[in-house]
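# A closer look at the structure
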Amino acid sequence: MDIEVVAKALKELGHTTRLTIFKRVVRAGFQGVAVGSLQEQLQIPGSTLSHHISSLVSAGLLSQRREGRTLFCVAEFEKLEGVIGFLQDECCIEEECAPKLSTQK
């Protein structure tokens, strides 16, 4: 994954309100959560919520779908896994070898 893409995702998740929104959407699973329900749960004005959702959509972390008059937010789990994988991929790669645990006392 491109470092610029990861940086944008982490930047958007670095805001407490956006992180809270994202966590709620992730908890909802693959069906997503209605925007109205998010607004009710978080007790924030619709325009503020819309702004934060737009930022998360722009970063590719959320998508939206409409069912009738209801707009749902859905987590882009593949993107989330990509960001996490980017951070973990090179973990300890520069270590020569893992420290050995002694079994003797």
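Described below are features of the structure shown in this document. (Residues numbered from 1 in each chain as written. Predicted model: local features only at pLDDT ≥ 70, side-chain atom pairs only at ≥ 80, totals over all residues. Heavy atoms only, no water.)

## Remarks on the pattern of salt bridges
- Scanning the model with the defined rule gives 4 salt bridges in all.
- Lys11 is the partner of Glu12 in a salt bridge, and the nearest nitrogen-oxygen pair spans 3.4 Å.
- With relative accessibility at 4%, the residue Glu12 sits in the buried group.
- Accessibility expressed as a relative area gives 57% for Lys11, which makes it exposed.
- One salt bridge connects Arg65 with Glu67, and the closest N-O pair in it is separated by 2.8 Å.
- Judged by relative accessible area, Arg65 falls into the partly exposed class, the value being 29%.
- A relative accessible area of 44% places Glu67 in the partly exposed class.
- Linked by salt bridges that have partners in common, Lys8, Lys11, Glu12 and Arg18 make up one network. (Salt bridge = Lys/Arg side-chain N within 4 Å of Asp/Glu carboxyl O. Buried < 20%, exposed > 50% of the residue type's maximum accessible area, 1.4 Å probe, protein only.)

## Remarks on the nonpolar core
- By size, the foremost hydrophobic cluster in this structure holds 22 residues, and its most contacted members are Ile21, Val25, Leu38 and Ile53.
- Within the residue set of this core, elements represented by two or more residues are helix H1 (3-13), helix H2 (16-28), helix H3 (35-42), helix H4 (46-58), strand S3 (70-75) and helix H5 (77-88).
- With 4 residues, the top contributor of residues to this core is H2.
- Non-local contacts of Val25, meaning those with residues more than four positions away in its chain, are made with Val33, Leu38, Leu62, Cys73, Val74 and Ala75. (Core = buried A, V, L, I, M, F, W, Y, C linked by side-chain atoms within 4.5 Å. Helix = DSSP H or I, 4+ residues; strand = E, 2+ residues; numbered from the N terminus. Contact = heavy atoms within 4.5 Å.)

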